[in-house]
Amino acid sequence: MTNTFDLVIIGGGILGTSISYFLSFLNKSKQIAVVDQARSVAFHTSGRNTGKVHAPYLYDPERKKIFAKAAFHGYEMWEEYANLKKLPFKKDGVIEVSLEEKGTKVLEKYLKWGKQNGLQDKDIKLIEKNELKKIEPEIKCESALYVYKDGSADYSKFTDSLMRDSTENGIKFLLNSKVTDIKNVDGKWKIILNKQQEIVANYIINAAGGEAIDIAHKIGIAEKFTDVHFRGEYWKTPKEYHNLTKTSVYSVPEYPDYPFLDPHWIIRVDGGCEIGPNAVPVFSPYGYNKIENIKEFIPKMLEMLRSGARKTIFDKQFQELAINEIRSSMSKSVMINRVKRFLPKIDTGKITEKGTAGIRSSVIDENGKFVPDVIFKNNSMSFHILNYNSPGATGALPFSAFIVNRLNKQGMFESESSDAQCGPWKFSKIIEKLAL
Ligand SMILES: Cc1cc2nc3c(=O)[nH]c(=O)nc-3n(C[C@H](O)[C@H](O)[C@H](O)COP(=O)(O)OP(=O)(O)OC[C@H]3O[C@@H](n4cnc5c(N)ncnc54)[C@H](O)[C@@H]3O)c2cc1C
């Protein structure tokens, strides 16, 4: 096996794999590798999420511009890719409910954002409670936003299929390979895998999800940022609840600054129903269990105390929310009661099986504030994608095309044909649509 590459992508989640997919069509003569520590792609967050292909109504068109555009076009692209590859995809919609009158104003804002982000009248509609009762008799709320253009998918299967397409086009996937060190030696990256094997690269793309900040820090980039990890847990519901509603149900966030805190009623693409996720603070991007969290507790606390996260830890509202989330992890009923507010029929006693938890890593700036959008950092030999959060899976394809185009335009990685056909899409057409 060659150990010298033109480009190494660190991270075989849905982002790194989508980037490799486009590069595999555009830069056929280059030696490219995707490196991931896990035994399969999408092993972490990309394979452990809610599985929604989100319509972009929750995203402020100014503050989350790239994510909103990517989500809008991502929906169509995943639908097309799923049809082509015979992968599961359902256009099953979502209902966002407001439990109090004041929440209706928030729904109106979401409607406006959705339209600004490209949704049409037929895709999204405000509904008052009596009208909703006729469609979804079990839901209790004051008002609702019915988003018809929202879907469900299996992002593990999508990522796996993109990996196979990339591999057919010559990209190497080095799995079970953790990047343990990176050094710039004479203008080339020496990348150490699993503390022993060495590979060499001219250029690095850092798409390492929950470790992206750590990788950037290793080479002296983005040092004023740090991150905080939250474990999102789910509960599976029994078969008798699988027809309780026709669509998934989300509720207007109680704390707009922390929109990921309110668990939803989720219908998965295979028809199973779950409740979740909550957002329990943990000490590692892989803090699924106690052992990992105990191991990482001291190093993570020290890192946080030395950085802007210190202000977050001592913020009263953050502390209260964190305690609530920890309670919701320790007590099943605390979490399920949040969903019972809009689906009162659920009996907590009938819910006994946990779902698969996934971890979200949110970046914090030097003032202790959560950064709302994705962050790009680069130097002449590397490009870093930090804070790539929800709806990151939905937007992964157009977002990756955007990154590849940006690198090509900067001459970092000259494309052989920016007009290449990339599976069902012409690259230039995707870029035209994004027009950012
Ligand atoms: C609970 C939850 C629910 C969500 N629900 C949705 C949803 O319904 N719809 C949606 O669109 N988005 C959703 N998201 C967001 C979405 O899942 C993420 O934005 C997306 O998966 C991020 O992809 P990624 O490739 O950047 O990260 P990851 O999937 O985390 O991939 C990063 C990869 O890098 C690898 N890596 C890290 N460090 C190293 C290293 N040192 N060496 C080698 N490999 C390394 C990891 O093993 C990992 O495989 C959700 C997120 C969470 C947490």
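To continue, consider the overall build of the protein chain. Counting its regular elements, the protein chain contains twelve helices and 24 strands. Computed over C-alpha atoms, the radius of gyration of the protein chain comes to 22 Å, within 12% of the 22 Å expected from 2.2 N^0.38 for 436 residues, which places it in the range of a compact globule. The principal-axis extent of the C-alpha atoms belonging to the protein chain is close to 65 × 50 × 40 Å. Taking all 436 residues of the protein chain together, 48% fall into the buried category.

With that settled, consider the domain arrangement of the protein chain. Per the domain assignment, the segments making up the protein chain are domain 1 (1-88 + 153-225 + 371-431), domain 2 (94-149) and domain 3 (227-370). Between the C-alpha centres of domain 2 and domain 3 the distance comes to 23 Å. At the interface, 14 residues of domain 2 touch 14 residues of domain 3. Elements that contribute at least two residues to the side of domain 2 that touches domain 3 include exactly β5 (94-98) and α3 (102-116). Sorting elements by how many residues they give to the side of domain 2 that touches domain 3 places β5 first, with five residues.

Here the focus is the site of the ligand. Every one of the 39 residues lining the ligand counts as a neighbour, but G11, G13, G209, G232 and G392 are closest to it. Of all the elements in the fold, those that place two or more residues in the shell around the ligand are α1 (14-26) and β20 (358-364). Viewed by domain, the shell around the ligand spans two of them, domain 1 (1-88 + 153-225 + 371-431) and domain 3 (227-370), each represented by three or more residues.

Time to look at the pairing of strand β17 (residues 273-276). A two-sided burial pattern is seen for β17, the buried positions comprising C273 and I275 on one face and E274 and G276 on the other. In this structure, strand β14 (residues 235-236) lies alongside β17, joined through two bridges in antiparallel fashion. Following the sheet pairing, K236 is matched in β17 by E274. By the bridge criterion, four bridges tie strand β16 (residues 264-267) to β17 in an arrangement that is antiparallel. Counterpart to I266 in the pairing with β17 is E274.

All right, on to the nonpolar core then. If you look at the biggest cluster of nonpolar residues, it comprises 121 residues, and the most contacted ones within it are V8, I10, I19, F22, W78, A201 and A207. Looking at this core, the element that brings in the most residues is helix α2 (residues 65-85), giving ten residues. Not counting chain neighbours up to four residues away, the residues in contact with A207 comprise I9, I10, G11, G13, L15, G16, I19, A212 and I385.

Our next topic: the sheet that holds strand β8 (residues 151-153). The strand order across the open sheet formed by three strands is β3-β8-β4, and the pairing between neighbours is antiparallel. For this open sheet the edge positions go to β3 (52-53) and β4 (89-90), each flanked by a neighbour on one side alone.

All right, on to unusual backbone geometry then. Backbone phi values are negative for most residues with the exception of glycine, while trans is the configuration of most peptide bonds. Following G276, the chain continues into P277 via a peptide bond in cis, with omega recorded as -10°. If you trace the backbone, P277 turns up in the loop between β17 and β18 (280-282). Here the amide bond leading from S390 into P391 is cis, since omega sits at 0°, within 30 degrees of zero. The residue A42 is not glycine, and still its phi comes out positive at about 55°. Despite not being glycine, N387 shows a phi value in the positive range, around 60°. Here N387 lies in the loop between β22 (382-386) and α11 (396-409).

Between α11 and helix α12 (residues 427-434), the least distance of the axes is 10 Å, while the angle of their chain directions is 100°. Of the possible angle classes, the one that applies to α11 and α12 is roughly perpendicular. Residues P398, A401, F402 and N405 of α11 lie in contact with α12, whose contacting residues are F427, I430, I431 and L434. For the contact of α11 with α12, the class distribution of residues is seven nonpolar, one polar and no charged.

A separate point is the sheet that holds β20. Here three strands make up an open sheet; going across it, the order is β18-β13-β20 and the pairing antiparallel. Every interior strand has two partners, whereas the edge strands, β18 and β20, have only one. Adjacent strand axes in the sheet meet at a mean angle of 40° when their direction is disregarded. Where strand β13 (residues 226-232) and β18 come together, three bridges link them in antiparallel fashion. The residue bridging F230 from the neighbouring strand is P281, located in β18.

A few words on the packing of α1 against helix α5 (residues 155-168). Closest axis-to-axis distance for the α1/α5 pair is 9 Å, and the angle between their directions is 30°. Taken together, α1 and α5 sit at an angle that is classed as roughly parallel. Note on packing geometry: the crossing formed by α1 with α5 is left-handed. Every residue of α5 that contacts α1 at I14, T17, S18, S20, Y21 and S24 is listed here: Y155, F158, T159, L162, M163, D165 and S166. In terms of residue class, the contact of α1 with α5 is made up of six nonpolar, six polar and one charged.

With that out of the way, let us pick up the environment of L15. As for its position among the elements, L15 is in helix α1. The sequence separation of L15 and K69 amounts to 54 residues, and the corresponding C-alpha distance is 16 Å. Non-local contacts of L15, meaning those with residues more than four positions away in its chain, are made with A207, I385, Y388, G392, A396 and S400.

So, how was this worked out
Residues numbered from 1 in each chain as written. Predicted model: local features only at pLDDT ≥ 70, side-chain atom pairs only at ≥ 80, totals over all residues. Helix = DSSP H or I, 4+ residues; strand = E, 2+ residues; numbered from the N terminus. Rg over C-alpha atoms; globule rule 2.2 N^0.38 Å. Buried ≥ 20, exposed ≤ 12 C-beta atoms within 10 Å, placed from the backbone. Domains from an automatic or database assignment. Contact = placed C-beta atoms within 7 Å. Near = placed C-beta within 6 Å. Pairing = 2+ DSSP bridges. Core = buried A, V, L, I, M, F, W, Y, C linked by C-beta atoms within 7 Å. Axes fitted to C-alpha atoms, helices over the stretch in contact; angles between N-to-C directions. Parallel < 35°, antiparallel > 145°, perpendicular 65-115°, else oblique. Nonpolar A, V, L, I, M, F, W, Y, C, P; charged D, E, K, R; others polar. Left-handed = near helix turned anticlockwise from the far one by under 90°.

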